[in-house]
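Next come the chains, spelled out residue by residue.
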Amino acid sequence: MSMLKNRSARAAMVAVAAGALTLTACGGNDDSASKDNSKTKKDASSQSNAVVLGTAADSTGPAAEVAGARSGGTAEVYQEDDFSHLDPGQIYVSDGGLLSKLIYRGLTTYKEGADGSLTVVGDLATDSGKVSDGGKTWTYTLKSGVKDQNGHVIDSADIRHTIERLYSTNLTDGPTFVQQWLSGSGSTYRKAYEGPYKGKHLPDSVLATPDKNTVVFHFASAQPDLPQALAMAGYSVVPEKTDTQAKYDTAPVAVGPYKIAEFKPGKGMKLVRNTNWDAKTDAVRHQYVDGFNIEYNHDDEDQTKTLLADRGAAKNAVMFTGQVATTQLQKVVGDKTAMARTIQGYAPYVWQMNFNMDRVTDKKVRDAITLAMPSSAISKADGGAYGGEVAGSLMSPTTPGFDETYDPFNRKAKPNGDLVKAKALVKEAGAEGKKIVYAYANTPIRQKQAVLIANALEKIGLDVEKKEIDSATWYEQVGKVKNGYDIYMTGWGQDWPSAATVIPPSFDGTAIQDGSSNYTHLNDPHVNAEIVRIQKITDNAEATKAWAELAKYISTKINPAAPIYYTKVFQIAGSNVGGLRYSTVTSYTDVTQIFLKK
């Protein structure tokens, strides 16, 4: 769950932890601003609990009412960038995933408990799925009368088309779990089938639609996580008759409670009620506000100042993927009234510095760069203790199998890097003066981090060439196999509580292609073989242990990516916004629950 991906992904220590930002009181008479009240690893561990599979009763709408909710008004949304994609088949990053909760629906979705627990329920389907044949066959029955924004009733042909179109080579940025489970691991699934646009379907032995209301998935091996995978934004339904292929990315058809009324690339978007959405068919979403006015080009600094001031339209505003700016932390944390309209959560992402393994081939150089990373300072630039903490592992504290004691690069003792040891490694590798092309996004946070990173690498004897990239297309650019860069940061998090959604997507060498989330281009025979072996393990505890061991092997023996920091979320909303809560699914404000108080 990239970043953020959960790619996907699109998910903390106490104040003495490395990277914690010491705050001083600047508002009111209490000392709340001097304390680190951010989320901790204990909070994160609760997110590693297994997902519950819901029943038909769990899947029946309408969703439980939010206390005090009322209808009406338009919610304002401040967003830093344009959405990278609107086509569900291209969505695997956080901003698109958040928007998808409002405008799309898939076969399944998540119902969140008050404690953050997750239950997979039927969304377009009547339940989370009926499994047979030892886990190899999953059958879904569609709810009656669910319509898209045009009044078309969603049927099994639409579900078939949604899955089949993901095989097309023009769709490169979405998830690949279901395609690989149906038709082959890595990128081989594309060789088995070219997509539906030339009139051919997957055989019924793979994907069957015996009638208008039934969809049957047939896998070669047991796939117990299918309900979780189908809940991803990338598997949201695309009605067959209104699929405009490449044009769908700018004018998609809504099935959720809202639809796009206006879209101005680079400027903003307006959502209005989808009058064909029926609350009785939806177990999780609400349609309290009349619509959302989404404005782009507001960075975290601007968003925080505007929401903290709480004037005019800002009283009705929420952040989507924005965060309380580092420079404004003291003002927010020190103000009781401001804190009353904030949400916090421990997100599942690990920001990591990827090495392009096609270009940075010497492990000593990779180790040197890793050791030189000023992780604490980098983390502070992204929200301090409320934005994240120094990472020692490529697995997040939210992921089953996470080992807090694993710290191969001695981050706990040297959270801002070990320049002496790193410089010695550069000299030992004969790499003094070696040119390193470092790519980063053109946002204020990434620009600040770039200065810290470049300075550190120059101190250990490397020649850094910085390349700034448009943040709206960041993952598309670094996701190209021939991207022309040596190092670049990405954020990755679990798609559901399993390292199977972290290690294979990130490090499977057989999946390397443009749009793949193997950003390092790691193609190691042992890693590839272990991924295949572990994916066949049906005992969850045994698989969890095996994934953890493989993650350690990857970091210790190969080091294709340097862990930098784990992420936490801290957002503020306007005073007139009700229903605020952190979503463990999207890792941000749960936009399906909000309403305007007056």
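Just so we're clear, the structure is a prediction, and the values are computed from it rather than from any experiment. (Residues numbered from 1 in each chain as written. Predicted model: local features only at pLDDT ≥ 70, side-chain atom pairs only at ≥ 80, totals over all residues. Heavy atoms only, no water.)

1. Thoughts on the sheet that holds strand 7 (residues 207-211)
What counts, and what does not: Any two strands with at least two DSSP-identified bridges between them are counted as paired. Labels follow the DSSP assignment, with helices taken as runs of H or I lasting at least four residues and strands as runs of E lasting at least two, numbered in each case from the N terminus. Lines fitted to the C-alpha atoms define the axes, with helices restricted to the stretch that makes contact. Angles between their N-to-C directions range from 0 to 180 degrees. When checking whether two residues touch, look at their non-hydrogen atoms; a contact exists if any pair is within 4.5 Å.
Here 4 strands make up an open sheet; going across it, the order is 5-6-8-7 and the pairing antiparallel. Of all strands in the sheet, those bounded by a partner on one side alone are strand 5 (130-132) and strand 7. Recorded for the sheet is a direction-independent mean angle of 20° between the axes of neighbouring strands. Judged from the 3 bridges that link them, strand 7 and strand 8 (residues 214-218) form a sheet pairing that is antiparallel. In the strand pairing of strand 8, Leu207 is matched with Phe217. Along the sheet, helix 3 (residues 156-165) makes contact with strand 7 and strand 8, crossing strand 7 at roughly 170°.

2. So, the pairing of strand 4 (residues 118-122)
Within a regular beta strand, the side chains point alternately toward one face of the sheet and then the other, so they alternate between its two faces. Stated precisely, the cut-off is as follows: Only protein chains enter the calculation, and the probe is 1.4 Å; a residue is then buried if its accessible area is under 20% of its type maximum, exposed if over 50%, and partly exposed in between.
Burial within strand 4 is extensive, with 5 of its 5 residues counted as buried. Burial along strand 4 is two-sided: the face carrying Leu118, Val120 and Gly122 and the face carrying Thr119 and Val121 are both buried. Pairing of strand 1 (residues 52-53) with strand 4 involves 2 bridges; the strand directions are parallel. Residue pairing across strands places Leu53 opposite Val120, the latter belonging to strand 4.

3. Observations regarding unusual backbone geometry
The omega angle of the peptide bond from Gly61 to Pro62 is 0°, so this bond is cis rather than trans. In this fold, Pro62 is placed in the loop between strand 1 and strand 2 (74-78). The phi dihedral of Asn297 is positive, around 70°, even though this residue is not glycine. Mapped onto the elements of the fold, Asn297 is located in the loop between strand 11 (291-295) and helix 7 (300-309). A relative accessible area of 58% places Asn297 in the exposed class. Phi at Ser587 is positive, roughly 70°, even though this residue is not glycine. Tracing the sequence through the fold places Ser587 in the loop between strand 19 (577-578) and strand 20 (595-596). For Ser587, a relative accessible area of 0% corresponds to the buried category.

4. What about the pattern of salt bridges?
Rule in force here: The working definition used for a salt bridge is a side-chain nitrogen of Lys or Arg within 4 Å of a carboxyl oxygen of Asp or Glu.
This model, assessed by the stated rule, comprises 23 salt bridges. Of the charged contacts in the structure, one is a salt bridge between Arg160 and Glu164, with a shortest N-O distance of 2.9 Å. Placement of the pair is Arg160 and Glu164 together in helix 3, with a separation of 4 residues, close to one helical turn. Of the two residues examined, Arg160 and Glu164, each falls in the buried class. When the shortest N-O distance is used, the salt bridge between Arg533 and Glu530 registers 2.8 Å. Note that Arg533 and Glu530 are positioned in helix 17 (residues 525-535) at a spacing of 3 residues, about one turn of the helix. Residue Arg533 is classed as partly exposed on the basis of its relative accessible area, which comes to 40%. The network of salt bridges with common partners includes Arg105, Asp123, Asp282 and Arg285.

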